[in-house]
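# Commentary on secondary and tertiary structure
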Amino acid sequence: MHYLDHAATAPLRDSARAAWIDAAGRLGNPSSLHAPGRAARAIVEDARERIAAALGADPAEVVLTSGGTEADNLAVKGLHWGRSAADPAARRLIVSAVEHHAVLDAARWLASRGDAELIEIPVDAHGAIDLDALDTALDHESSAVSIMWANNEVGTVQPVRAAVELASAHGVPVHSDAVQAIAHLDVDFRDSGLAALSVSAHKLGGPVGVGALLARRGLPLVPTAHGGGQQRQVRSGTLDAAGAAAFAAALDDAVAERVAERDRLEGLRERLLDGLRAAVPGATVSGPDDAGRRLPGIVHAVIPGARAESVLFLLDAGGIAASSGSACTAGVVQASHVVEAMGWSAEDAACTLRLSMGRTTTADDVDAVLTALPGAVERARAATGA
């Protein structure tokens, strides 16, 4: 199998596996006061410190979660509720139109209940947010802004710092989903000016089921789940010592190799792009050309007439693992809301292909895709009469 779906989940690193096994073999609830509990707590706090150091945060700002989805929900719902409780006029929640569903659906849920007035900021043809539209939307009635650091489908890096500057002029906190960014980009929470930042372990070689919300001290977050209040009274639940240790180990390795890996992936991306353009007539590559405005490992294309489910099935039969975009829609291939927001028709948005590379991707993987893809596209188009 040639795996080109790293944006969905990355292979588990040996360091993360070893850290998980070691911590999982130790007995103790991190909230217990006895010696085993204190030992488990020490594992958690060591992991918290390492995660904070890797991402430019204070350890007290790291709220461990079950992953990016929980972190996004806690940020979007918790921050909006907290802000609107302090100021009932602050009901306007602002997100970009290309957010991950964990942000977009949480925001739409708040609006559907009448809890928020939702504004979705449009994007340009490359998937970058319209800063003028954001500036227009911001005022004293805005509760919060959520703008992802880098898009999980097309790889576009958003102007987060510029968004923070605009929002700060109105005293509005900004959250960013950085789940796709931290393996490849220099993410520094303290320097960013953000109020909150979501991250996840499994996108960079850690285990599934662990992540974190980095949240500034004093940020008015209302809990989305109630219980023991183990973390700052905003996130309840027994702390996962083994998951935290594995997350920290994977993050340490990802940060250490980040620069070299970016350069390597850029080379593979160019190889894949050249081959794709030559082999698939009519394909349009999405996202910015400028390497500084996109992730290095994602190649996303709209291939008119070749429906995603057909292409993916044919590639899979040929030993190629790829996707059409986000893997977080219950395993169902759907027209991409990201591509539609970029100006494509609903039909073209159902004809997308995302090839995402990571630390285990090789030139052989790229060549295998380029060998299999023309036939898969031809057969998919024939099935629709395109």
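Residues numbered from 1 in each chain as written. Predicted model: local features only at pLDDT ≥ 70, side-chain atom pairs only at ≥ 80, totals over all residues. Heavy atoms only, no water.

Moving on, we get to the overall build of the chain. Along its length, the chain carries 13 helices and 12 strands. Relative to the compact-globule value of 21 Å for 386 residues, the chain shows a C-alpha radius of gyration of 21 Å, a close match. The principal-axis extent of the C-alpha atoms belonging to the chain is close to 65 × 50 × 35 Å. By residue count, 56% of the 386 residues in the chain fall in the buried class. Looking at the chain alone, contacts between residues at least 24 apart form 74% of all its contacts between residues at least 6 apart. One way to put it: in the chain the 33 positive side-chain charges average out to a point 5 Å from where the 48 negative ones average out. (Helix = DSSP H or I, 4+ residues; strand = E, 2+ residues; numbered from the N terminus. Rg over C-alpha atoms; globule rule 2.2 N^0.38 Å. Buried < 20%, exposed > 50% of the residue type's maximum accessible area, 1.4 Å probe, protein only. Contact = heavy atoms within 4.5 Å. Lys, Arg positive; Asp, Glu negative; His and termini not counted. Charge placed at Lys NZ, Arg CZ, Asp CG, Glu CD.)

Another aspect to go through is the packing of aromatic side chains. Scanning all chains against the criterion turns up 1 aromatic pair. Taken together, a centroid distance of 6.2 Å and an interplanar angle of 75 degrees make the contact between tryptophan 81 and tryptophan 109 edge-to-face. One end of the pair, tryptophan 81, is in helix H3 (residues 68-86); the other, tryptophan 109, is in helix H4 (residues 101-112), with 28 residues separating them in the sequence. According to the relative accessible area criterion, tryptophan 109 is partly exposed, its value standing at 35%. For lysine 77, the ring lying beneath its charged end belongs to tryptophan 109, and the centroid distance is 4.6 Å. Cation over ring: arginine 216 sits above phenylalanine 189, and NZ or CZ is 4.3 Å from the ring centre. (Phe/Tyr/Trp six-rings, centres within 6.5 Å; stacked < 30°, edge-to-face > 60°. Lys NZ or Arg CZ within 6 Å of the ring centre and 35° of its normal.)

The next subject is the nonpolar core. Grouped together as the largest cluster of nonpolar side chains are 65 residues, with contacts concentrated most on Val145, Trp149, Leu197, Val199 and Leu214. Top element by residues in this core is helix H8 (residues 241-256). It accounts for 11 residues. Those residues in contact with valine 199 that lie beyond four places of it in its chain are Leu55, Gly67, Gly68, Ala178, Val179, Ile182, Gly211, Ala212, Leu214 and Phe247. (Core = buried A, V, L, I, M, F, W, Y, C linked by side-chain atoms within 4.5 Å.)

What follows concerns a negative patch on the surface. Taken together, the side chains of Asp124, Asp130, Asp132 and Asp135 make up a negatively charged region of the molecular surface. Structurally, the position occupied by aspartate 130 is in the loop between strand E4 (117-121) and helix H5 (131-137). (Patch = residues over 30% accessible without salt bridge, like charges linked within 9 Å, V, L, I, M, F, W, Y side chains within 5 Å. Areas by Shrake-Rupley, 256 points an atom, 1.4 Å probe, with all protein chains shown as cover. Salt bridge = Lys/Arg side-chain N within 4 Å of Asp/Glu carboxyl O.)

Here arginine 232, not a glycine, exhibits a phi torsion of approximately 60 degrees, which is positive. The residue arginine 232 is located in the loop between strand E8 (211-215) and H8 in this model. Judged by its relative accessible area of 32%, arginine 232 is partly exposed. At glutamine 233, a position not held by glycine, the phi torsion is positive, near 65 degrees. Note that glutamine 233 resides in the loop between E8 and H8.

Across the sheet, 3 strands lie side by side as E9-E10-E12; this open sheet has antiparallel pairing. The open sheet is flanked by strand E9 (284-285) and strand E12 (352-356), the only strands paired with a single partner. Bridge count between strand E10 (residues 298-302) and E12: 5 bridges; the pairing is antiparallel. Its bridge partner being in E12, histidine 300 is matched across the sheet by arginine 354. Here helix H9 (residues 258-279) sits on the sheet and contacts E9, E10 and E12; the angle it forms with E10, its principal contact strand, is near 20 degrees. (Pairing = 2+ DSSP bridges. Axes fitted to C-alpha atoms, helices over the stretch in contact; angles between N-to-C directions.)

Turning our eyes to something else, we now look at the environment of aspartate 72. Topologically, aspartate 72 is positioned in helix H3. Taking the C-alpha atoms as reference, aspartate 72 lies 9.5 Å from histidine 101; in sequence the two are 29 residues apart. In this structure the side chain of aspartate 72 is engaged in a polar contact, spanning 2.8 Å, whose partner is the side chain of serine 198. (Polar contact = N/O pair within 3.5 Å; in protein donor to acceptor, adjacent residues only side chain to side chain.)

Applying the stated criterion to the full structure yields 24 salt bridges. The partner of aspartate 46 in a salt bridge is arginine 50, and the shortest N-O contact between them spans 3.4 Å. Of the two residues, aspartate 46 and arginine 50 are both situated in helix H2 (residues 35-55); the distance of 4 residues between them amounts to about one turn of the helix. Overall, aspartate 46 belongs to the partly exposed group, its relative accessible area being 38%. Across the pair aspartate 252 and arginine 50 runs a salt bridge, and its minimum N-O distance is 2.7 Å. Separated by 202 residues along the polypeptide, aspartate 252 in helix H8 and arginine 50 in helix H2 bring together distant segments of the chain. Assessed through its relative accessible area of 28%, arginine 50 is described here as partly exposed.

Let us now look at the sheet that holds E8. Reading across from one edge, E2-E8-E7-E6-E5-E3-E4 is the order of the 7 strands in this open sheet, with mixed pairing throughout. At either end of the open sheet lies a strand with only one pairing partner, and these are strand E2 (62-65) and E4. If you compare each strand with its neighbour and ignore which way they point, the axes differ by 20 degrees on average. Pairing between strand E7 (residues 196-200) and E8: 5 bridges, direction antiparallel. Among the inter-strand pairings, leucine 197 is bridged to a residue of E8, identified as leucine 214. The sheet strands contacting H4 are strand E3 (92-96), E4, strand E5 (142-146) and strand E6 (174-177), and the helix crosses E3 at an angle near 155 degrees.

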